[in-house]
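Results of the structural survey
Chain by chain, the residues:
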Amino acid sequence: MTAPLSASAPPAAAPRQVRWLLRLHRPALCAWTVLVVGLAAALLWLGGPLTDASAAAWHQFDTDPACQGPAPCGYDQDAILRYKDVYQYTTLAVLAVPFLVAAWSGAALTGREMETGTARLAWTQGITPVRWLAARLGVPAVLVTACTGLLVWLHHLAWSAGRGRIDSAEDWYGLTTFYAGGPLTVALALAGLAGGALLGLVLGRSLVALCGSVLTVAALWTAVHLALPHLWPSATVTSGRRAYPEHSGITTGEGIITADGAHVSVPSCVSDARQACQALNDRRHATGFWVDYHPYAHYGPLHLAGSALLLALAAVLAVAAFRLVHRRTTGRRPARARATGPKAAV
């Protein structure tokens, strides 16, 4: 006799279910291991020998008088270009992790099992739907958090090793560098995992869920990028008319200072670099300029605020997936079957 879907799974079923999950997705696990190990090795190479060689080449270029003229000098240009290429490729690879996680989650983790019917078969073998989904979210979440966290940490170390030593090193507030070296990428991967699992349950088709999961991560990344500068109070720096406010970081706003001290945001001519802008600012009665920005000290708070937002969204998506599975697998008697009295007799 088939066990009801609401029956509780025995305690020994949980480890067995985890082993079955790892065996079922062994190809994806092997590919994930190769990706993480290879990318980690590349980041260690980048932050060690490549950074030292590039820094030595830049030091020779900056200090050798022969390199300041038009004639060629003996600095190692290949080391500089090699560092730049490896940095670019490894950064893009780290940023691609959330998209890969979301694509796998939507296509293979839930979408394929719903499409082929193996999920309902598992629910009849003493495994409740809630435990089934908990294993499919919990085990990948641990692996994604550990591996993605390792990669972003190594990326931040590699970038820090070249900071101040390599003239062509990326700024911390560069789009790819900022996201690849902090916990925002980890939170985005977890949100992609939960979103992909939910789409796989809703759509029930692996290919459609794969495309939807990738688009979901892209939409989440765009939304977080637009909201991120406003999640933490920015700093303000001002200057007079003869200078421009010196700052380095993520700019959130800029404009002119009027005669009464008000900060007014303007679409153009936020400096007197051109004569036309100088005449325009004279008509505006500007006395100086201001800039709102996030300095390097805000790097950690911005990452933590954005990660908290994404983790909250991931929790909402996971809860929605559990509620969907519970609603689909909980038997509900039709309204006519619950009727009582004379109408029921009829």
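Throughout this description, residue numbers start from 1 for each chain and increase along the sequence as written. For this predicted model, a pLDDT threshold of at least 70 governs which residues receive local features, and a threshold of 80 or more governs which side-chain atom pairs are given and counted, while totals over whole chains, interfaces and linings are taken from all residues. Excluded from the side-chain calculations are hydrogens and water; all other atoms, namely the structure's heavy atoms, are used.

1. Digging into the overall build of the protein
Our working definition: Runs of E in the DSSP output that reach at least two residues are strands. Runs of H or I that reach at least four are helices, and both are numbered from the N terminus. For this analysis, residues touch if any pair of their heavy atoms sits within 4.5 Å.
Broken down by element type, the protein carries eleven helices and four strands. Residue pairs in contact within the protein that sit at least 24 positions apart in sequence constitute 81% of those at least 6 positions apart.

2. Structural notes on the packing of helix 7 (residues 184–203) against helix 8 (residues 206–227)
The relative placement of two packed helices comes down to the angle between their axes together with the axis-to-axis distance. As a reminder of what qualifies: Here an axis means a line fitted to C-alpha atoms, over the contact stretch when the element is a helix, while the angle between two N-to-C directions is reported on a 0 to 180 degree scale. In this scheme the crossing of two helices becomes right-handed for a clockwise turn of the near helix relative to the far one and left-handed for an anticlockwise turn of less than a right angle. Under this grouping Gly is polar, as are all residues other than the nonpolar Ala, Val, Leu, Ile, Met, Phe, Trp, Tyr, Cys and Pro and the charged Asp, Glu, Lys and Arg.
Direction vectors running N to C along helix 7 and helix 8 enclose 145 degrees, while the axes themselves pass 9 Å from each other. In this structure, the crossing between helix 7 and helix 8 has a hand that is right-handed. On helix 8, the residues that touch Leu184, Leu188, Ala191, Gly192, Gly196, Leu199, Gly200 and Leu203 of helix 7 are Val208, Ala209, Gly212, Ser213, Thr216, Val217, Leu220, Trp221 and Val224. In terms of residue class, the contact of helix 7 with helix 8 is built from eleven nonpolar, six polar and no charged.

3. Observations concerning a nonpolar patch on the surface
The condition that has to hold: Candidates for patches are residues over 30% relative accessible area with no salt bridge; among them, like charges are joined within 9 Å and nonpolar side chains (Val, Leu, Ile, Met, Phe, Trp, Tyr) within 5 Å. To measure how exposed things are, a 1.4 Å probe is used in the Shrake-Rupley method; for residues, cover is taken only from the protein chains shown. When a carboxyl oxygen of Asp or Glu lies within 4 Å of a side-chain nitrogen of Lys or Arg, that pair is called a salt bridge.
Taken together, the side chains of Leu150, Trp153 and Leu157 define a hydrophobic patch exposed on the protein surface, amounting to about 300 Å² of accessible area. Structurally, Leu150 can be placed in helix 5 (residues 129–162).

4. A short note on the packing of aromatic side chains
Stated formally: Aromatic pairing here means that ring centres of Phe, Tyr or Trp (its six-membered ring) are within 6.5 Å. Orientation follows from the plane angle: under 30 degrees is stacked, over 60 is edge-to-face, and everything else is tilted. The rule is simple: take the accessible area with a 1.4 Å probe, protein chains only, and divide by the maximum for that residue type; under 20% is buried, over 50% is exposed, in between is partly exposed. Charge-over-ring contacts are defined here by two conditions on Lys NZ or Arg CZ: a distance within 6 Å of the ring centre and an angle within 35 degrees of the ring normal.
Counted under the stated rule, the structure contains twelve aromatic pairs. A centroid spacing of 6.1 Å and a plane angle of 25 degrees characterise the contact between Tyr83 and Tyr87, whose relative ring orientation is stacked. Taken as a pair, Tyr83 and Tyr87 lie in helix 3 (residues 77–116) at a separation of four residues, close to a single helical turn. The same class applies to Tyr83 and to Tyr87, which are both buried. Centre to centre, the rings of Trp159 and Tyr296 are 6.2 Å apart; their planes meet at 35 degrees, and the pair counts as tilted. Within this pair, whereas Trp159 is found in helix 5, its partner Tyr296 is found in the loop between strand 4 (286–294) and helix 10 (299–329), the two being separated by 137 residues in sequence. A connected cluster of aromatic rings, assembled from ring pairs, spans Phe99, Trp159, Trp172, Tyr173, Phe178, Tyr179, Trp221, Tyr296 and Tyr299. Directly above the aromatic system of Tyr296 lies the positively charged group of Arg163, at a separation of 4.2 Å from the ring centroid.

5. Things to note about the sheet that holds strand 3 (residues 263–265)
As a reminder of what qualifies: Strands are treated as partners if at least two bridges between them are detected by DSSP.
The strand order 1-4-2-3 describes an open sheet built from four strands, whose pairing is antiparallel. Of all strands in the sheet, those with a lone pairing partner are strand 1 (235–240) and strand 3, marking the two edges. Ignoring which end each strand starts from, the neighbouring axes of this sheet average 35 degrees apart. Bridging between strand 1 and strand 4 involves six bridges; their strand directions are antiparallel. In the strand pairing of strand 4, Ser239 is matched with Phe289.

6. Topic: unusual backbone geometry
Phi at Cys269 is positive, roughly 55 degrees, even though this residue is not glycine. Relative to the assigned elements, Cys269 resides in the loop between strand 3 and helix 9 (275–283). Classification of Cys269 by relative accessible area gives buried; the value is 14%.

7. Notes on helix 5
To keep things clear, this is the line we draw: Working rule for helices: expected span equals 1.5 Å times residues minus one.
For helix 5, which comprises 34 residues, the first-to-last C-alpha distance of 50 Å matches the rise-based estimate of 50 Å (1.5 Å per residue) to within 8%. Gly164 lies just past helix 5 and shows a positive phi near 80 degrees.

8. Re the confidence of the model for the protein
Rules: In predicted models, pLDDT denotes the confidence assigned by the predictor to each residue on a 0 to 100 scale.
Scored by pLDDT, the protein comes out at a mean of 85, with 88% of its residues at no less than 70. Note on residues 1–9: pLDDT under 50 across the span, and 14 contacts to partners over four residues away in sequence or across chains. Predicted confidence for residues 332–346 stays below pLDDT 50, and this span has three contacts to residues more than four positions away or in other chains.

9. Section: the packing of helix 7 against helix 10
Applied cut-off: The cut-offs work like this: below 35 degrees is roughly parallel, past 145 is roughly antiparallel, 65 to 115 is roughly perpendicular, and the gaps in between are oblique.
Close contact between helix 7 and helix 10 brings their axes to 8 Å; oriented N to C, the two are set at 20 degrees. The angle between helix 7 and helix 10 falls in the class roughly parallel. For the pair helix 7 and helix 10, the sense of crossing is left-handed. Looking at the contact of helix 7 with helix 10, its residues break down into 18 nonpolar, four polar and one charged.

10. Observations regarding the nonpolar core
In summary, soluble globular proteins display a tendency toward joint burial of nonpolar side chains. As a reminder of what qualifies: Only buried Ala, Val, Leu, Ile, Met, Phe, Trp, Tyr and Cys residues count toward a nonpolar core, and they belong to the same one when joined by side-chain atoms within 4.5 Å.
Within the largest apolar cluster, 66 residues are counted, with the highest numbers of intra-cluster contacts made by Leu46, Phe178 and Leu201. Breaking this core down by element, the ones donating at least two residues are helix 2 (26–63), helix 3, helix 5, helix 6 (175–180), helix 7, helix 8 and helix 10. Counting residues per element, this core draws most heavily on helix 7, at twelve residues. Counting five residues, the second-largest nonpolar core is a separate cluster that includes Ile256, Val266, Val270 and Phe289.

11. Concerning the pattern of salt bridges
For side chains bearing opposite charge, pairing can occur when the charged atoms are close. In the structure shown here, the tally under the stated rule is three salt bridges. The shortest N-O distance in the salt bridge between Arg165 and Asp52 comes to 3.1 Å. Placement of Arg165 in the loop between helix 5 and helix 6 and of Asp52 in helix 2 is noted, with a sequence separation of 113 residues between them. A relative accessible area of 38% places Arg165 in the partly exposed class. The class of Asp52 is partly exposed, set by a relative accessible area of 42%. A salt bridge links Asp272 to Arg241; its shortest N-O distance comes to 2.6 Å. Remark: Arg241 occurs in the loop between strand 1 and strand 2 (250–258) and Asp272 occurs in the loop between strand 3 and helix 9; sequence separation between them is 31 residues.

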